[in-house]
Amino acid sequence: MYHTGGTIGGMPTSCVVGATSYLATELIYQLVVEEGQTVHGALRGAEEVKFIDNQTGALRELGASHHARMAALRTMPHADRRLWLHPLRPLDSCVDGVDVVYHTLASPEGFRASESVRLMRDVFDAIERTAAAGGYPAPRVVLTSCADVVMRQPDDKPEGECFDEDDWDVWSAPDGAEPDARRHAKVAAEREAWRLADERNVSLAVVNPAFMVGPARTRHTDGASLRYIRAVLEGEAPPLGDIPMVDVRDAAAAHRLAARSGAGRRHLVASARLVPQRHALAALRVGLPPHYAIASAESKDEVEPAEASDTAAEEAAAAEAAAAAKAAKAAEEAAAAAAAAAEAAAA
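Residues numbered from 1 in each chain as written. Predicted model: local features only at pLDDT ≥ 70, side-chain atom pairs only at ≥ 80, totals over all residues. Heavy atoms only, no water.

### Description of the pattern of salt bridges
Here is step 1: Taken as a whole and assessed by the stated rule, the structure comprises 15 salt bridges.
Here is step 2: Note that Glu199 is salt-bridged to Arg200, the shortest N-O span being 3.4 Å.
Here is step 3: Residue classification places Arg200 among the partly exposed positions, given a relative accessible area of 22%.
Here is step 4: Each of Arg121, Asp125, Glu128, Glu192, Arg195, Glu199 and Arg200 takes part in a single network of salt bridges with overlapping partners. (Salt bridge = Lys/Arg side-chain N within 4 Å of Asp/Glu carboxyl O. Buried < 20%, exposed > 50% of the residue type's maximum accessible area, 1.4 Å probe, protein only.)

Okay, here's the thing in structure tokens:
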């Protein structure tokens, strides 16, 4: 299942590239706290200004927001013994000897296709160098892509047909306006990952999560998912319509499963239907103080009640109701986290 290059005491070790993102912090928590793994995290963006040394705790020359993100990681249970942080470039020290590389930073916001492809090559180059130097097999790579790579709009397929892992967004253009250019960069990054994996004989699994919601492990709100909730809390018009969603905790768990048994495949992780915007906004109103003026909005797509003509239909309706309740709960928890962050920033 795993090679033994980085295994410590029978437990696999992992590298998480982009360690402070919304998804990555949840993934690291599950790996370190729930599984007991040793994790090497590659920092991202401006956080790579200085190397973060777990033994000395040095956080030199980092801004306040980066310090807060590091603190959230470093205060996780067992982080003092199981979590090691590295700069994004070079990646060699982070991927050296591990069993799995989780690349959660495939196409950061603001990256064009050429930049996303270059970062993907950086990851595979580091894996190739360290595996050759150490004389052990290359680790499995689990790539975080997204549902946008599978589909652009729901009407890209005829009515009644569903999207699956065989589909690709072939409409987005590199020179298009946002969000077309961003989607194109994500498509380019995933296609490059598959090409490199085939060329270099690296085991690759890809997870394509939909728009992620749910509680954050850190208090920063600059990711797309938490920006959505923050905008709503601040009274702005909701920036998104009816979209497929997934709980961030489920998305992280899907990465762990893909590392075990998902090689050579894509894994689309999303709600069975579009989540109506009015449902998400209603969930955000639950339990929040009245000074948060959550906007109301009409959903573009009403969800018709399932016709329970037989036992199978009743079971399907029950499953959809449970999924909707879970999405609402996740949105509520994310709202609470975003509210706490906003209040902390105001203080």
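### Thoughts on the sheet that holds strand β5 (residues 140–144)
Here is step 1: Read from one edge to the other, the open sheet built from 7 strands follows the order β3-β2-β1-β4-β5-β6-β9, with strand pairing classed as parallel. This sheet does not close on itself; its edge strands, each paired only once, are β3 (83–86) and β9 (266–269). On average, each strand axis in the sheet is tilted by 20 degrees relative to the strand beside it, whichever way the strands run.
Here is step 2: Pairing of strand β2 (residues 38–42) with β3, which is carried by 4 bridges, proceeds in the parallel orientation. Across the sheet, the residue bridging to Val39 is Leu83, located in β3.
Here is step 3: Strands in contact with helix α6 (residues 180–200) are β5, β6 (204–209) and β9; relative to β6, the strand with the most contacts, it is inclined by about 165 degrees. (Pairing = 2+ DSSP bridges. Helix = DSSP H or I, 4+ residues; strand = E, 2+ residues; numbered from the N terminus. Axes fitted to C-alpha atoms, helices over the stretch in contact; angles between N-to-C directions. Contact = heavy atoms within 4.5 Å.)

### Some remarks on the pairing of strand β4 (residues 100–103)
Here is step 1: Here β4 shows two buried faces, one formed by Val100 and Tyr102 and the other by Val101 and His103.
Here is step 2: Where strand β1 (residues 13–17) lies against β4, 4 bridges are found, and the strand directions are parallel. Following the sheet pairing, Cys15 is matched in β4 by Val101.
Here is step 3: As paired elements, β4 and β5 share 4 bridges and run parallel to each other. Bridging from a neighbouring strand, His103 pairs with Leu143 of β5.

### Here's the deal with the packing of helix α1 (residues 22–34) against helix α8 (residues 248–261)
The axes of two packed helices give the description: the angle between them and the distance between them.
Here is step 1: At a minimum axis distance of 9 Å, the contact between α1 and α8 shows a crossing angle of 60 degrees. The angle between α1 and α8 falls in the class oblique. The two elements α1 and α8 meet at a crossing, and its hand is right-handed. Contact residues: Tyr22, Leu23, Glu26, Leu27, Gln30, Leu31 and Glu34 in α1; Val248, Arg249, Ala251, Ala252, Ala253, His255 and Arg256 in α8. (Parallel < 35°, antiparallel > 145°, perpendicular 65-115°, else oblique. Left-handed = near helix turned anticlockwise from the far one by under 90°.)

### Some points on the packing of aromatic side chains
Here is step 1: Within the structure shown, the criterion is met by 0 aromatic pairs.
Here is step 2: In this arrangement the basic side chain of Arg217 is found over the ring face of Tyr29, its NZ or CZ atom lying 3.6 Å from the centre.
Here is step 3: In this structure, Arg266 packs its charged tip against the face of Trp168, placed 3.8 Å from the ring centre. (Phe/Tyr/Trp six-rings, centres within 6.5 Å; stacked < 30°, edge-to-face > 60°. Lys NZ or Arg CZ within 6 Å of the ring centre and 35° of its normal.)

### A short note on the nonpolar core
Here is step 1: Core analysis: the biggest nonpolar cluster contains 47 residues, and Val16, Ile28 and Tyr102 have the highest contact counts within it.
Here is step 2: Apart from residues lying up to four places away in sequence, Ile28 is in contact with Val16, Ala19, Val33, Val39, Leu73, Met76 and Leu83.
Here is step 3: Within the second largest apolar cluster, 26 residues are counted, among which are Cys15, Cys94, Ala126 and Ala197. (Core = buried A, V, L, I, M, F, W, Y, C linked by side-chain atoms within 4.5 Å.)

### Focus on unusual backbone geometry
Here is step 1: Here His78, not a glycine, exhibits a phi torsion of approximately 70 degrees, which is positive.
Here is step 2: As for its position among the elements, His78 is in the loop between α2 (64–74) and α3 (79–82).
Here is step 3: In this structure, Asn201 is a non-glycine residue whose phi angle is positive, near 60 degrees.
Here is step 4: Here Asn201 is to be found in the loop between α6 and β6.

### Some details on helix α7 (residues 224–233)
Here is step 1: Among the 10 residues of α7, 7 are classified as buried, and the element is accordingly described as predominantly covered.
Here is step 2: Among the residues trailing α7, Gly235 stands out with phi positive, at a value near 85 degrees.

### Describing the pairing of β1
Here is step 1: By the criterion of burial, β1 is predominantly enclosed, with 5 of the 5 residues buried.
Here is step 2: With burial as the criterion, each face of β1 is covered, one bearing Thr13, Cys15 and Val17 and the other bearing Ser14 and Val16.
Here is step 3: In this fold, the crossover linking β1 to β2 by way of α1 has right-handed handedness. (Right-handed = clockwise from strand over helix to strand, strands pointing away.)

### A few points about helix α9 (residues 277–285)
Here is step 1: Among all positions in α9, only Gln277, Ala280, Leu281, Ala283 and Leu284 are buried. Along the axis of α9, the buried residues cluster in a sector spanning 155 degrees; they form a single face. (Arc of directions from axis to C-beta.)

### Quick look at the environment of Gln30
Here is step 1: Following the sequence through the fold, Gln30 ends up in helix α1.
Here is step 2: Each C-alpha atom of the pair Gln30 and Ala253 lies 7.7 Å from the other, and the pair is 223 residues apart in sequence.
Here is step 3: Residues within four places of Gln30 in sequence aside, it is in contact with Glu35, Arg249, Ala252, Ala253 and Arg256.

### Thoughts on the packing of helix α5 (residues 113–134) against α6
Here is step 1: Following both chains from N to C, one finds α5 and α6 inclined at 25 degrees, their axes separated by 8 Å at the closest point. Classed by the angle they form, the pair α5 and α6 counts as roughly parallel. In this structure, α5 crosses over α6, and the sense of that crossing is right-handed. The segment α5 lies against α6, with Ala113, Ser116, Val117, Met120, Arg121, Phe124, Asp125 and Glu128 engaging His184, Ala185, Ala188, Ala189, Glu192, Ala193, Arg195, Leu196, Ala197 and Arg200.

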